[in-house]
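# Report on the structure
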Amino acid sequence: MGYSYLISANNPINKAQHKSIELTTLIKPMKVLVATEKPFAKVAVDGIREVIEAAGYELALLEKYTAKQQLLEAIADADALIIRSDVVDAEVLDAAKQLKIVVRAGAGYDNIDLEAATAHKVVAMNTPGQNSNAVAELALGLMVYAVRNLYNGTSGTELKGKKLGIHAFGNVGRNVARIAQGFGMEVYAYDAYCPDEAMTAAGVTPLHSAQELYKTCDIVSLHIPATAETKNSINYELVNLMPKGGVLVNTARKEVIDEDGLIKLMQERTDLKYMTDIMPAADVKFRELFEGRYFATPKKMGAQTAEANINAGIAAAKQIVDFFQNGNTRFQVNK
Ligand code: 3PG
């Protein structure tokens with residue numbers, strides 16, 4: 001099953017030639033390209049290779065690339081693509097003449113132009129849940145860092161007994177809730193798409209609007225995807241509802257933040273802190289204005305653990321094999 005070009009009725013080779021020509025000259029194994037500007041841990045790449053080669057496919061690696069042109073060249077003869085936050089737009093899809101499937105090894109797929117993928121007859125998938133514990137652990141780490149005043153030697157506060165608001169109760173949000181409960185936090189959540197029962201079953205108090213969540217909670221942790229609906233939705237008015245000393249933690253996407261609004265608010269309210277794993281476009285301004293109240297990781301680090309890389313990378317490889325061998329499209333995100 002590991003071949004993209006088998007002898008077919010359209011192939012200009014007669015039956016006699018069929019027998020005499022070595023099969024290996026007629027076949028070309030499926031090529032799976034792993035294109036990661038921010039590479040997986042080596043152990044994850046080894047695991048991906050094992051899955052891909054066991055299926056009889058070929059693995060190609062494009063890691064730490066710095067120019068889009070490198071991706072455009074590497075994708076030219078790939079049948080399948082594994083990416084992380086790497087951008088797959090119409091230009092990449094145009095260059096990908098053989099591509100049948102792209103799998104985002106991770107949760108958010110806002111980096112894939114889904115309409116263009118559909119137009120190019122390319123199946124797009126994600127690997128939901130595979131890296132969510134890693135992101136959740138980092139979110140809690142950012143919370144501790146914030147309430148301990150960025151470890152600057154001054155006396156901070158504890159997470160125990162504080163009210164945590166989880167904005168979107170998906171895979172990451174649920175892991176954040178579980179870990180936060182271990183810290184002894186009171187956990188609340190708001191998610192327009194998640195039934196109350198799922199929250200209460202996890203020991204979380206459901207709230208019914210973002211406003212209610214921000215008004216109630218000392219710390220709010222963002223887990224919303226970047227969509228047309230959510231972009232710039234975390235704005236001046238919403239964050240201003242937070243109680244004195246509020247901390248906003250972002251391990252989701254930078255696009256959901258109205259940066260101008262947040263800057264204006266943090267200038268007015270010197271009690272607020274912003275901790276983010278996705279450096280804002282206005283990082284320099286945030287750093288200059290809010291020393292001690294602002295922190296951004298230099299590179300998105302939430303999913304950057306060996307475990308998350310192994311889970312998401314190998315899931316992506318298995319989904320590709322299952323797609324080619326069985327037509328399984330369970331995790332398809334485009335139509
Ligand atoms: C995701 O959407 O899965 C996370 O944001 C992790 O992204 P990354 O693979 O680019 O680290």
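Just so you know, the residues in each chain are numbered from 1, in the order the chain's sequence is written. Only residues with pLDDT of at least 70 are given local features in this predicted model, and only at 80 or more are side-chain atom pairs given and counted; all residues enter the totals for whole chains, interfaces and linings. The basis for every side-chain value is the complete set of heavy atoms in the structure, and neither hydrogens nor water enter the calculation.

## Some words on the overall build of the chain
The cut-off we apply is this: A run of DSSP states H or I qualifies as a helix once it reaches four residues; a run of E qualifies as a strand once it reaches two. Both are numbered from the N-terminal end. Throughout, exposure labels follow a simple rule: accessible area from a 1.4 Å probe, protein chains only, divided by the maximum for the residue type, with under 20% read as buried, over 50% as exposed, and the rest as partly exposed. Exposure was quantified through the Shrake-Rupley algorithm and a 1.4 Å probe, taking into account, for residues, occlusion by the shown protein chains and nothing else. Charge assignment in this entry is limited to Lys and Arg as positive and Asp and Glu as negative, and neither His nor the chain termini are counted. A single reference atom marks each charge: NZ on Lys, CZ on Arg, CG on Asp, CD on Glu.
Along its length, the chain carries 13 helices and 12 strands. Projecting the C-alpha coordinates of the chain onto the three principal axes gives extents of approximately 85 × 40 × 35 Å. With 335 residues in all, the chain has 50% of them scored as buried. Accessible surface, the chain: about 15,900 Å² in total, of which carbon and sulfur atoms supply 52%. Once the 36 positive and 39 negative side-chain charges of the chain are each reduced to a mean point, those two points are 2 Å apart.

## Some remarks on the site of the ligand
Selection rule: By convention in these notes, a residue is near a molecule or strand provided one of its non-hydrogen atoms lies within 4 Å of it. Between N or O atoms, a polar contact is any pair within 3.5 Å; within protein, one atom must be a potential hydrogen donor and the other a potential acceptor, and residues adjacent in sequence are included only when both atoms are from side chains. The pocket and cavity definitions rest on a 1 Å grid over protein atoms only: a 1.4 Å probe that fits but cannot leave marks a cavity, an open set with protein on both sides within 12 Å along at least five of seven lines marks a pocket, and residues lining either have an atom within 4 Å of a point. For this analysis, a molecule is said to be in a pocket or cavity if more than half of its atoms are within 2 Å of the grid points defining it. The residue classification treats Ala, Val, Leu, Ile, Met, Phe, Trp, Tyr, Cys and Pro as nonpolar and Asp, Glu, Lys and Arg as charged. All others, Gly included, are polar.
Lys-38, Arg-84, Ser-85, Arg-104, Gly-106, Ala-107, Gly-108, Asn-131, Arg-253, Lys-300 and Ala-303 make up every residue found near the ligand. Contact between the ligand and Arg-84: an oxygen atom at 3.0 Å from a side-chain N or O atom of the residue. Here an oxygen atom of the ligand sits 3.0 Å away from a polar atom, N or O, in the side chain of Arg-104. Here the ligand loses 95% of its free accessible area of 310 Å² to cover by the protein chains. When each cavity is represented as a set of grid points, the ligand is found to reside in the largest pocket. Across the shell around the ligand, the residue classes break down as two nonpolar, four polar and five charged.

## Regarding the packing of helix α6 (residues 132–147) against helix α7 (residues 171–182)
Here is the rule: Axis definition: a line fitted to C-alpha atoms, limited for helices to the stretch in contact. Angles are taken between N-to-C directions and run from 0 to 180 degrees. For classification purposes, an angle smaller than 35 degrees is called roughly parallel, one larger than 145 roughly antiparallel, one from 65 to 115 roughly perpendicular, and anything else oblique. Left-handed describes a crossing whose near helix is turned anticlockwise from the far helix by less than a right angle; the clockwise case is right-handed. A contact between two residues is defined here by any heavy atoms of the two lying within 4.5 Å.
Two numbers describe how α6 lies on α7: the axes approach to 8 Å, and their chain directions differ by 50°. Viewed along their axes, α6 and α7 adopt a mutual orientation that is oblique. The chirality of how α6 crosses α7 is right-handed. Of α7, the residues touching α6 (which contributes Ser-132, Asn-133, Val-135, Ala-136, Glu-137, Ala-139, Leu-140 and Met-143) are Asn-171, Val-172, Asn-175, Val-176, Arg-178, Ile-179 and Ala-180.

## A look at the sheet that holds strand β12 (residues 294–296)
The following threshold applies: When DSSP finds two or more bridges between a pair of strands, those strands are recorded as paired.
The seven strands lie next to each other as β8-β7-β6-β9-β10-β11-β12, forming an open sheet whose pairing is parallel. Only two strands of the sheet have a single neighbouring strand rather than two, namely β8 (205–206) and β12. With four bridges connecting them, strand β10 (residues 247–250) and strand β11 (residues 273–276) associate as parallel partners. Pairing of Val-247 across the sheet is with Lys-273, part of β11.

## Quick look at the sheet that holds strand β3 (residues 80–83)
The strand order across the open sheet formed by five strands is β2-β1-β3-β4-β5, and the pairing between neighbours is parallel. With one partner strand each, in any of the chains shown, β2 (58–63) and β5 (123–126) form the two edges of the open sheet. Taken pair by pair, the neighbouring strands of this sheet meet at an average axis angle of 20°, ignoring direction. Note: strand β1 (residues 31–36) against β2, six bridges, orientation parallel. Within the sheet, the bridge partner assigned to Val-32 lies in β2 and is Leu-59. Relative to β2, helix α2 (residues 42–54) is tilted by about 155°, and along the sheet it contacts β1, β2 and β3.

## Looking at the domain arrangement of the chain
What counts is decided by this rule: As used throughout, domain bounds are those supplied by an automatic or database domain assignment. Buried area is calculated as the accessible area (1.4 Å probe) missing from two parts once they are joined, with the contributions of both summed. Whenever a carboxyl oxygen of Asp or Glu lies within 4 Å of a side-chain nitrogen of Lys or Arg, that contact is scored as a salt bridge.
Along its sequence, the chain is organised into domain 1 (15–130 + 306–326) and domain 2 (132–296). A straight line from the C-alpha centre of domain 1 to that of domain 2 covers 34 Å. Tallying the contact residues gives seven residues for domain 1 and five residues for domain 2. Taking both partners together, domain 1 and domain 2 bury about 430 Å²; carbon and sulfur atoms supply 41% of that area. The three residues of domain 1 that bury the most area against domain 2 are Asp-110, Gly-129 and Ala-308, which together make up 71% of that side's buried surface. Seen at the junction of domain 1 and domain 2, the total is one salt bridge. We note a salt bridge from Arg-253 to Asp-110, for which the minimum N-O separation is 3.1 Å. Connecting domain 1 to domain 2 are two residue pairs in polar contact (both at pLDDT 80 or more).

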